[in-house]
Amino acid sequence: MSLIRKAAAVALVAALPSLASGADNDWQARVAEALGKSGTAMPGNIYRVGLPRTDIKATLDGIELKPGFALGGWLAFEPMGNQSMVMGDLVLTGEEVGPVMQKLLDGGIAVTALHNHLLRNQPFTMYMHVLGTGDPVKLATTLHTALATSKTPLGPAPSGSSQQQAAPATPPQIDLDTGAIDQTLGAKGTNNGGVLQYGIPRAEVIKESGMEVPPALGSANAINFQPTGGGKAAITGDFVLTAKEVGPVMQALRTNGIEVTALHNHMLGEEPRLFFMHFWANDDAKKLAQGLRAALDKINVKRG
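Residues numbered from 1 in each chain as written. Predicted model: local features only at pLDDT ≥ 70, side-chain atom pairs only at ≥ 80, totals over all residues. Heavy atoms only, no water.

With that settled, consider helix α7 (residues 178-185). Residues Ile181, Asp182, Thr184 and Leu185 constitute the buried set of α7. The buried residues of α7 occupy an angular sector of 165 degrees when projected down its axis, which confines them to one face. Close packing links the buried residues of α7 with β10 (195-200), β13 (221-229) and α9 (285-296). Downstream of α7 by one or two residues, glycine 186 has phi in the positive range, about 70 degrees. (Buried < 20%, exposed > 50% of the residue type's maximum accessible area, 1.4 Å probe, protein only. Helix = DSSP H or I, 4+ residues; strand = E, 2+ residues; numbered from the N terminus. Arc of directions from axis to C-beta. Contact = heavy atoms within 4.5 Å.)

Below you can see the structure in the form of structure tokens.
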């Protein structure tokens, strides 16, 4: 049995109700304080913290990449009895990878994948996927120690409950026909800092070491549109695929002028086995939406 599976089994055996029942939501405030960054309470008692690399000014094919478009790291905590599971994706520069990885390993958090998402972006960034189980505050403390070796923006979390944060600033308007894109993709997008974002879940339940991995923990198909002017947009994201879907989705993207930039795992013990296909293009937004829909039609996504 792998170390990850053993850790998961220990967490499941210790299934006391305090966190899972939601009776102790103060754990989210304690996690925010330990991590040095506050997040958002999501359905299922999941606490998700965004870690956008606002300090990195990256470009790709002459386009400046917004942090929420392609530089948006994150961590998500899910209660399991009296403990928690954390999964996430850290955006790092090349020189940050080694120090962050060592601190994670020293603290008992597994690195389940390390790879690129894009090609030709400058500066070049790597993406480190993490998985840990245990006391949520201890996990957050280890993650803070690891992230402190990088330049990932952190800071004091707001005092008091994580539910009492100030309302976020109004995001900039998205200069695209978002209604038409919504209709084409069959989903409703959201505005994240001027980036049109979609999270489209798969139809089946995804599990990691026997534990359910909901969309908020990274199991949804992610699609981002960043306007580039004149009705055009840059797109990136990743499709979450079973083995038999990889070839048809790759062909659909290529046929529609969308570049496939990476294909890899994010997890180690997931069921069903999944592959993540990342993509990039800059063209007419409606045309690209049609190409993305052609890919989605090859995937067992949740419909209706």
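Another point: the sheet that holds strand β15 (residues 259-264). Either a parallel or an antiparallel arrangement is found when strands of a sheet pair, and the pairing is made through backbone hydrogen bonds. Strands sit in the order β9-β10-β13-β14-β17-β15 across an open sheet of 6 strands; the sheet is antiparallel. On the outer flanks of this sheet lie β9 (190-192) and β15, each paired with one strand and no other. Strand-to-strand, the axes of this sheet are offset by a mean angle of 20 degrees, without reference to chain direction. The pairing of β15 with strand β17 (residues 275-284) spans 5 bridges and is classified as antiparallel. When the sheet's bridge partners are listed, glutamate 259 is paired in β17 with tryptophan 280. Relative to β17, α9 is tilted by about 155 degrees, and along the sheet it contacts β10, β13, β14 (232-241) and β17. (Pairing = 2+ DSSP bridges. Axes fitted to C-alpha atoms, helices over the stretch in contact; angles between N-to-C directions.)

What follows concerns α9. Between its first and last C-alpha atoms α9 spans 16 Å; for 12 residues at 1.5 Å apiece the expected length is 16 Å, and the two agree. Regarding α9, the residues found buried are Ala285, Leu288, Ala289, Gly291, Leu292, Ala295 and Leu296. One face of α9 carries all of its buried residues, which in axial projection span an arc of 160 degrees. Buried residues in α9 make contact with α7, β10, β13, β14, α8 (243-255) and β17. (Expected span 1.5 Å × (residues − 1).)

This part takes up the pattern of salt bridges. Taken as a whole and assessed by the stated rule, the structure comprises 12 salt bridges. Aspartate 177 is the salt-bridge partner of lysine 286, the closest N and O atoms lying 3.4 Å from each other. Here aspartate 177 lies in the loop between α6 (136-147) and α7 and lysine 286 lies in helix α9, a separation of 109 residues in the sequence. Aspartate 182 serves as the salt-bridge partner of lysine 188, at 3.5 Å between the closest nitrogen and oxygen. (Salt bridge = Lys/Arg side-chain N within 4 Å of Asp/Glu carboxyl O.)

Here we take up the environment of glutamine 197. Along the chain, the position of glutamine 197 falls in strand β10. Separated by 26 residues in the primary sequence, glutamine 197 and isoleucine 223 place their C-alpha atoms 5.8 Å from one another. Filtering out sequence-adjacent residues up to four positions away, glutamine 197 remains in contact with Gly68, Lys188, Gly189, Thr190, Asn192, Ile223 and Asn224. A distance of 3.2 Å separates polar atoms of two side chains, one belonging to glutamine 197 and the other to asparagine 192. (Polar contact = N/O pair within 3.5 Å; in protein donor to acceptor, adjacent residues only side chain to side chain.)

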